[in-house]
Amino acid sequence: MPSQLPGVDRHAARRSSIRRARPLLGTRVEIVAAADFPAAELHDAVDAAFAAIERIERLMSYHDPESELSRLNREGAVRPQRMHRDTCAVVRAALEFASLSGGAFDPCVAPWLEEWGLLPRHGAARADHAASWRDVEILAESRVRFRRPLRLDLGGIAKGYAVDQAVRALQRSGVRNMLVNAGGDLRVVGDEAETIALRSPQAPGLVVHTIVLRDAALATSSACYSRRRVAGVEVSALLNPGSRTPYLAAGSVSVRAADCISADALTKVVLFADPQTAEQALKACRAQALVLQADSADCASHA
Amino acid sequence: MFTPSRIVFLPMAALAAAQPVQAMIYLSIEQAQELMFPGQTLVPAPLNLSADDIAVVEREAGTRYLAGALRAWKAADGYFFVDAVIGKHDLISYAVALTSDGKVRQVEILEYREAYGGEVRNAAWRRQFIGRAHGDPVQLGRDIRNISGATLSCQHVTDGIRRLLAVYAIAIARR
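Residues numbered from 1 in each chain as written. Chains lettered and ligands numbered in written order. Predicted model: local features only at pLDDT ≥ 70, side-chain atom pairs only at ≥ 80, totals over all residues.

1. As for the nonpolar core
Residue and element names in this part refer to chain A. Counting 135 residues, the largest nonpolar core has Ala33, Ala49, Ala166, Leu266 and Val269 as the members making the most contacts within it. Of all the elements, helix α1 (residues 39-60) adds the most residues to this core, at eleven residues. Not counting the four nearest positions on each side in its chain, valine 269 is found in contact with Phe97, Ser101, Ala104, Phe105, Ala278 and Ala281. (Core = buried A, V, L, I, M, F, W, Y, C linked by C-beta atoms within 7 Å. Buried ≥ 20, exposed ≤ 12 C-beta atoms within 10 Å, placed from the backbone. Helix = DSSP H or I, 4+ residues; strand = E, 2+ residues; numbered from the N terminus. Contact = placed C-beta atoms within 7 Å.)

Here's what the structure looks like:
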């Protein structure tokens, strides 16, 4: 029976290429994969990659009260908590980027985002607004302890990790050429370069720049998409950990790095660290940043 | 020694060109059926909802029910649904595989279309972004397939799946 699946052609050479997408991580996650084996196997490989992303979402979702992250936020200040290998890897990386950036990247600013309605409250004990990444202590055997009641939020880094894990899953299946794009945080692996279009942060319907990417990751942050008024005050999902104020400029920051977890975290470092620290962090990760500067503060067109 | 900065600043108004994004077709309905229920012949399952049923669906799901967008098929070991949701700036059609007892087993996006119609077609509005200076030009007319830029939400797909499950409960599971 001839298969209906894309990439399957009985008469053609064995090279197959497919592009699929699922709604995951609160956005559209797209996987493009090409390999010299039958398309049905390629679909299985893509299924495994999506499954890896689903696993990470189940563990690290801030929105899901049943996630492992939500358990850490309920119990982490009460007693040490065991973490899944993936959660431990992301928490460890988050603390490394926090340290590297002098706190310009801080996974502990969620109490503000909860107050602004940008993150849900799951009825855990009151968080200490003064808590920071320095109050998160990783213990032996993948356990973690919070020195104060705090809210760990891996939203600024877990998406990049999920992209990297999808890439690993595809590679384990023998796929060599791939692109994984989780709502604009993406990674390209293989022989072929891909052209990536950058949206205008002020007008997401328009593309204002293109970047050619090969064997590298790219992530972008902009406040335009989350800006809103709460009790007469303008806020956004990007909070400056130093000043504890929302980032409201209309530009965007894109970072190119070897892996997507670094690219994802470094966008926040470039946004909030002083220029010298940002340069050093980029250098330490062999990454580069592209900042699109708006000539007005206006991003109301898609509010 | 001169060390080049790792941060490049580009004024947005100076970028050379801009073009609207984006439409993508991932799978046809037949391809999604084959992916989710391989080798099976699916049988259309009509969704006959009364006005009262629709009121219940809308109350349980918290979203409007639009007649016609949602279609269902019966498989040997579950159900196959196709639905479409319209967000403020996009239209997404998607397929859902349910197990025989109505649990979501798989979701695939079939088609994704962004529609920033008005503002993108408005020449005066576009002019502020276009052609003021040189830059790294966007090649107009070329297919844009990969985009970075801040995340657009897929929340209305989540809402659509909740509505779909409410329809399943009323139109299929209770009959």
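2. Quick look at the domain arrangement of chain A
Residues and elements named next belong to chain A. Examined at the domain level, chain A breaks down into domain 1 (63-146) and domain 2 (193-302). Placing a centre on the C-alpha atoms of domain 1 and another on those of domain 2 gives a separation of 23 Å. Taken together, the 15 residues of domain 1 in the interface contact 17 residues of domain 2. Taken together, the elements giving at least two residues each to the side of domain 1 that touches domain 2 come down to α3 (85-100) and α4 (110-115). Among the elements that take part in the side of domain 1 that touches domain 2, α3 stands out by supplying three residues, more than any other. The residue makeup of the side of domain 1 that touches domain 2, split by class, is ten nonpolar, four polar and one charged. (Domains from an automatic or database assignment. Nonpolar A, V, L, I, M, F, W, Y, C, P; charged D, E, K, R; others polar.)

3. A look at the sheet that holds strand β3 (residues 81-82) of chain A
Residue and element names in this part refer to chain A. One open sheet holds the three strands; their spatial order is β3-β5-β4, and the pairing between them is antiparallel. At either end of the open sheet lies a strand with only one pairing partner, and these are β3 and β4 (136-139). Note that β3 and strand β5 (residues 143-146) share two bridges and pair antiparallel. Among the inter-strand pairings, arginine 82 is bridged to a residue of β5, identified as arginine 143. (Pairing = 2+ DSSP bridges.)

4. Observations concerning the sheet that holds strand β6 (residues 177-182) of chain A
Strands sit in the order β1(A)-β2(A)-β6(A)-β7(A)-β10(A)-β15(A)-β16(A)-β1(B) across an open sheet of eight strands; the sheet is mixed. Two strands in the sheet have a free side with no partner beyond their single neighbour: β1 (16-24) of chain A together with β1 (7-11) of chain B. The average angle at which neighbouring strand axes cross in this sheet is 10 degrees, direction not considered. Of the strand pairs in this sheet, β1 of chain A and strand β2 (residues 27-35) of chain A are connected by nine bridges, and their pairing is antiparallel. In the sheet register, arginine 22 of chain A faces β2 of chain A, and the bridge partner there is valine 29 of chain A. (Axes fitted to C-alpha atoms, helices over the stretch in contact; angles between N-to-C directions.)

5. Describing the environment of histidine 156 of chain B
Residue and element names in this part refer to chain B. Along the chain, histidine 156 falls in helix α5 (residues 155-173). Each C-alpha atom of the pair histidine 156 and isoleucine 86 lies 7.4 Å from the other, and the pair is 70 residues apart in sequence. With near-sequence residues (within four places) excluded, histidine 156 lies in contact with Val85 and Gly87.

6. Section: the environment of glutamine 293 of chain A
Relative to the elements of secondary structure, glutamine 293 of chain A occurs in strand β16 (residues 288-293). Assessed through the 15 C-beta atoms surrounding it within 10 Å, glutamine 293 of chain A is described here as partly exposed. For glutamine 293 of chain A and arginine 199 of chain A, which are 94 residues apart along the polypeptide, the C-alpha to C-alpha distance reads 13 Å. The residues contacting glutamine 293 of chain A, other than those within four sequence positions of it, are Gly251 of chain A together with Phe9, Leu10, Pro11 and Met12 of chain B.

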